[in-house]
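Structural features, examined
Each chain is listed here by its residues.
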Amino acid sequence: MIRRSVHSGSPYEVRYGFARGVRIGDRVEIAGTAPIPPPGESVPATAFEQMLRCGEIAVAALGELGATTGDVVRTRMFITNLDDVDEIGRARREVFGAARPVATMVVVAALLDPAWKVELEVEAVIEA
């Protein structure tokens, strides 16, 4: 099977040697995706906006690998504050709503940047 990888431009991808997304056959895996803003912008302030930004980055990687949100079968969210669960869940529904993939949400002590409230992983299966 052919392995395809894509990158989003995150400085962590180069620093730590990983791809944003990888496709092998019908499987697409999107790495932990933080709300890294475009150059010149700040990290979004709210958990809702941060989750939307994570989704934007992950969906772009899916698209580069030939997948859509409709192909997503699982998401994992790592959150730093239990009080943000509803806002993050609402934003996740906006991004992946129609597909209704399975989901895991885990509260963690911290993420790499103290400003981050959420990090998102995505798995998709492309129908043949």
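Within every chain, residues take consecutive numbers counted from 1 along the sequence as written. Confidence filtering applies because this is a predicted model: local features only for residues at pLDDT of at least 70, side-chain atom pairs given and counted only at 80 or more, and all residues used for totals across whole chains, interfaces and linings. As a convention, hydrogens and water are excluded, and side-chain values are obtained from all of the structure's heavy atoms.

So, the environment of arginine 76
Of note, arginine 76 is situated in strand S4 (residues 72-79). Classification of arginine 76 by relative accessible area gives partly exposed; the value is 25%. As for arginine 76 and valine 22, which are separated by 54 residues in sequence, their C-alpha atoms are 16 Å apart. Working rule for contacts: check all heavy atoms of both residues, and any pair within 4.5 Å makes them a contact. Those residues in contact with arginine 76 that lie beyond four places of it in its chain are Thr104, Glu119, Leu120, Glu121 and Glu123. A 3.5 Å cut-off defines polar contacts: any pair of N or O atoms within that distance qualifies, except that in protein one atom must be a possible hydrogen donor and the other a possible acceptor, and neighbouring residues in sequence count only when both atoms are side-chain atoms. A polar atom in the side chain of arginine 76 sits 2.8 Å from the side chain of glutamate 123. Each helix is a run of H or I in the DSSP string that is no shorter than four residues. Each strand is a run of E no shorter than two, and both are numbered from the N terminus. Each residue gets one of three labels from its accessible area relative to the maximum for its type: buried under 20%, exposed over 50%, partly exposed in between, using a 1.4 Å probe on protein chains only.

Structural notes on the environment of aspartate 26
If you trace the backbone, aspartate 26 turns up in the loop between strand S2 (21-24) and strand S3 (27-33). Taking the relative accessible area as the measure of exposure, aspartate 26 reaches 38% and is therefore partly exposed. Between the C-alpha atom of aspartate 26 and that of tryptophan 116, which follows or precedes it by 90 residues, the distance is 31 Å. Apart from residues lying up to four places away in sequence, aspartate 26 is in contact with Ala124, Val125 and Ile126.

Interpretation in functional terms is not warranted from these geometric data alone.
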